[in-house]
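# Survey of secondary and tertiary structure
One-letter residues, chain by chain:
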Amino acid sequence: MLDIIIRQAHLPDGRGPLDIAIKGDRVAEIATKIEAEAGEEIDAAGRLVSPPFTDPHFHMDATLSLGSPRMNVSGTLLEGIALWGELKPLLTPEAVIDRAMRYCDLAVSQGLLAIRSHVDVSSAPLVGVEALLEVRKQVAPYIDLQLVAFPQDGLYRAQNAEENLIQALDMGVDVVGGIPHFERTMSEGARSVRRLAEIAADRGLMLDLHCDESDDPMSRHVETLAYETTRLGLGGRVTASHVTAMHSYDNYYASKLIPLIAESGMNVVPNPLINITLQGRSDTYPRRRGLTRVPELRAAGVNVAFGQDCTMDPWYSLGSADMLEVAHMGVHAVPMTSREAMEGAFTSVTQNGAKAMGLPDPTIRKGGPANLVVLQARDPIEAVRMKATRLAVIKNGKVLARTEPRMAALSLPGRPTTLDPADYAPRPNTQEAK
Ligand SMILES: [Zn+2]
């Protein structure tokens with residue numbers, strides 16, 4: 001007896017309709033027609049069934065704190081950092097745990113089951129670390145939550161930040177973080193990259209730096225990070241987050257740099273929602289978009305995964321734990337509008353995020369873990385376009401969340417009485433339905 005059969009599913013690679021059988025916490029079978037009984041049947045009705053979403057760049061210690069103690073009036077990164085500095089002394093572990101747990105509920109409802117969160121370690125006591133270690137334990141059955149020791153105010157610019165970062169790692173934080181462009185000088189930034197890479201190498205940990213989140217074309221710490229990644233052989237254990245300054249680099253320099261990034265094997269994590277609002281703030285017109293060079297990085301073979309960064313916090317007052325919203329913004333802001341690139345945007349919030357986080361490939365396959373999401377869309381591009389409703393979210397063979405499909409009831413003379421917005425896309429390269 002099977003536990004669940006999902007009928008008539010389409011997979012992200014285009015295969016389908018297929019039935020997916022789940023027994024215990026594994027995918028038992030994927031076949032055209034599974035003649036078997038199951039405790040529960042879910043009719044996907046030709047819709048997309050995908051791996052869960054991943055967010056390789058988030059700040060869970062700050063999430064849902066919008067307006068506390070005040071709003072970010074200018075909307076800039078620097079006012080956000082200053083505002084976070086005002087909030088930090090007021091934080092209690094209980095309040096951070098409460099906000100983070102509520103955010104994780106929201107994440108599960110959106111099929112977001114793997115999150116890497118930076119946690120500020122610039123000043124003692126390490127309230128956020130203590131709180132998020134507890135949250136990591138509580139959500140472990142359903143969310144892969146990785147924590148990054150993040151010296152928000154600078155490894156060298158903030159007093160004792162290195163000592164606090166080491167303490168956070170000793171307490172069990174998973175990943176080494178940093179912010180070289182926020183150090184006092186370029187050379188201090190480069191020194192912080194070297195030091196943090198060595199800490200990661202010595203401890204056998206991953207490294208994920210906020211790197212060149214700036215409009216300054218001279219902010220070139222990603223070059224040092226690629227060098228240190230290659231020198232220490234860290235490869236895919238390293239992630240450069242944001243890298244927005246690359247938007248402003250001169251083309252010749254970028255053409256030299258991108259192959260070095262590819263050679264190092266590091267991941268790059270742009271954050272389209274936040275960076276389309278934060279970058280270019282000091283420009284008049286024309287105003288830079290500020291997203292990093294995603295098409296060129298992808299073409300060079302770099303693993304590019306999109307992160308959400310913020311949801312309702314000092315830096316960003318919107319956000320909804322919806323990684324399809326992130327992919328949708330990436331498609332527009334990069335831009336990446338070919339069919340291949342839009343499918344790439346979907347992969348950037350599923351498989352590529354898992355790869356950046358060092359997690360196993362989540363592609364749905366026979367014998368693999370039964371972790372999947374049923375979406376109200378027929379393929380990845382449609383899922384991005386619609387920011388499709390997550391009809392069912394399954395982790396280890398258990399349905400964790402369900403949402404009713406989005407349907408409209410119409411009252412128009414001579415027109416349909418109900419409307420499913422997912423039915424409206426023409427089908428490219430297929431014959432018109434008869
Ligand atoms: Zn960040």
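Residues numbered from 1 in each chain as written. Predicted model: local features only at pLDDT ≥ 70, side-chain atom pairs only at ≥ 80, totals over all residues. Heavy atoms only, no water.

Of the regular secondary structure elements, the protein holds 13 helices and 17 strands. For the protein, whose C-alpha radius of gyration is 22 Å, the value lies close to the compact-globule estimate of 22 Å for 434 residues. Projected onto the principal axes, the alpha-carbon positions of the protein cover approximately 65 × 45 × 45 Å. The burial tally for the protein puts 56% of its 434 residues in the buried class. The long-range fraction of contacts in the protein, counting pairs at least 24 apart against all pairs at least 6 apart in sequence, stands at 75%. (Helix = DSSP H or I, 4+ residues; strand = E, 2+ residues; numbered from the N terminus. Rg over C-alpha atoms; globule rule 2.2 N^0.38 Å. Buried < 20%, exposed > 50% of the residue type's maximum accessible area, 1.4 Å probe, protein only. Contact = heavy atoms within 4.5 Å.)

So, on to the nonpolar core. Among the nonpolar cores identified, the biggest contains 105 residues, and Met60, Val135 and Ile261 are the most heavily contacted of them. Examining the composition of this core, we find that 8 residues originate from one element, helix α2 (residues 93-109), more than from any other. When residues of this core are sorted by domain, at least three fall in each of domain 1 (2-50 + 365-424) and domain 2 (53-357). With sequence-adjacent residues up to four places away left out, Met60 is seen in contact with Arg99, Ala100, Tyr103, Cys104, Ile115, Ser117, His118, Leu132, Val135 and Leu145. (Core = buried A, V, L, I, M, F, W, Y, C linked by side-chain atoms within 4.5 Å. Domains from an automatic or database assignment.)

The full count for this structure, using the stated rule, is 4 aromatic pairs. Taking 4.4 Å as the distance between ring centres and 20° as the angle between the ring planes, the aromatic pair formed by Phe58 and Tyr103 counts as stacked. Linking Phe58 in strand β6 (residues 53-58) with Tyr103 in helix α2, this pair joins segments that are 45 residues apart in sequence. With respect to burial, Phe58 and Tyr103 carry one shared label: buried. One Lys or Arg, Arg191, reaches over the ring of Tyr156 and ends 3.9 Å from the middle of that ring. (Phe/Tyr/Trp six-rings, centres within 6.5 Å; stacked < 30°, edge-to-face > 60°. Lys NZ or Arg CZ within 6 Å of the ring centre and 35° of its normal.)

This paragraph deals with the sheet that holds strand β5 (residues 49-50). Taken together, the 4 strands give an open sheet; going across it, the order is β5-β13-β14-β15, and neighbouring strands pair in antiparallel fashion. Each edge of the open sheet is held by one strand with a lone partner, namely β5 and β15 (398-402). Relative to strand β13 (residues 372-375), β5 is paired through 2 bridges, and the arrangement is antiparallel. When the bridges of β13 are listed, Ser50 appears paired with Val373. (Pairing = 2+ DSSP bridges.)

Attention now moves to the coordination of the zinc ion. At this site the zinc ion is bound by His57 (NE2), His59 (NE2), His210 (NE2) and Asp309 (OD), with donor distances of 2.1 to 2.4 Å. Coordination at the zinc ion is irregular: its 4 donor atoms span angles of 86 to 177° at the metal. Site description for the zinc ion: donor spacing in sequence, H-x1-H-x150-H-x98-D. With His57 in strand β6 and Asp309 in the loop between α9 (294-299) and α10 (323-333), this residue pair connects regions lying 252 residues apart in the sequence. Here His57 and Asp309 have matching classes, each one buried. (Donors = N, O, S within 2.8 Å, 3.2 Å for Na, K, Ca; no water. Tetrahedral: all angles 85-135°; square planar, octahedral: opposite > 155°, others 65-115°.)

Looking now at the sheet that holds strand β1 (residues 2-9). An order of β3-β2-β1-β4 is seen for the 4 strands of this open sheet, with the pairing classed as mixed. Both outer strands of the open sheet, β3 (26-31) and β4 (38-43), are each paired with one neighbouring strand and no more. Each strand axis lies, on average, 20° off the axis of its neighbour in the sheet, ignoring direction. Bridge count for strand β2 (residues 18-23) against β3 is 5 bridges, and the pairing is antiparallel. In the sheet register, Lys23 faces β3, and the bridge partner there is Arg26. (Axes fitted to C-alpha atoms, helices over the stretch in contact; angles between N-to-C directions.)

With that settled, consider unusual backbone geometry. Along the chain, Ser68 connects to Pro69 via a cis peptide bond; the corresponding omega equals -5°. Relative to the helices and strands, Pro69 is located in the loop between β6 and α1 (77-87). Here the bond from Ala124 into Pro125 is cis, since omega is -5°, no more than 30 degrees from zero. Within the fold, Pro125 resides in the loop between β7 (112-120) and α3 (127-139).

It is worth spelling out the domain arrangement of the protein at this point. The domain boundaries assigned to the protein delineate domain 1 (2-50 + 365-424) and domain 2 (53-357). Measuring from the centre of the C-alpha atoms in domain 1 to the corresponding centre in domain 2 gives 31 Å. When the two sides are added together, the surface that domain 1 and domain 2 hide from each other amounts to roughly 1600 Å², 71% of it contributed by carbon and sulfur. Applying the counting rule to domain 1 against domain 2 returns 2 salt bridges. The partner of Asp322 in a salt bridge is Arg390, with the nearest N and O atoms 2.6 Å apart. Listed by contribution, the elements that provide at least two residues to the side of domain 1 that touches domain 2 are β13, α13 (380-386), β14 (390-395) and β15. Ranked by residue count, the leading element in the side of domain 1 that touches domain 2 is α13, at 5 residues. The residue inventory of the side of domain 1 that touches domain 2, partitioned by class, reads 13 nonpolar, 3 polar and 4 charged. (Buried area = accessible area lost by both parts, 1.4 Å probe. Salt bridge = Lys/Arg side-chain N within 4 Å of Asp/Glu carboxyl O. Nonpolar A, V, L, I, M, F, W, Y, C, P; charged D, E, K, R; others polar.)

This part takes up α3. Side chains of residues three or four places apart in an α-helix project in the same direction, reflecting 3.6 residues per turn. Taking 1.5 Å per residue, 13 residues should reach 18 Å; α3 reaches 18 Å between its end C-alpha atoms and fits that length. If you check which residues of α3 are buried, you get Val127, Gly128, Val129, Ala131, Leu132, Leu133, Val135 and Val139. Here the buried face of α3 lies against α2, β7, β8 (144-150) and α4 (161-171). (Expected span 1.5 Å × (residues − 1).)

This part is about the packing of helix α6 (residues 221-232) against helix α7 (residues 251-264). Closest axis-to-axis distance for the α6/α7 pair is 9 Å, and the angle between their directions is 30°. Considered as vectors, α6 and α7 are oriented roughly parallel to each other. The handedness of the crossing between α6 and α7 comes out as left-handed. Contact with α6, carried on its side by Val222, Glu223, Ala226, Thr229 and Thr230, involves Tyr253, Leu257, Leu260, Ile261, Glu263 and Ser264 of α7 and no other residues of that element. Among the residues making up the contact of α6 with α7, the classes are represented as 6 nonpolar, 3 polar and 2 charged. (Parallel < 35°, antiparallel > 145°, perpendicular 65-115°, else oblique. Left-handed = near helix turned anticlockwise from the far one by under 90°.)

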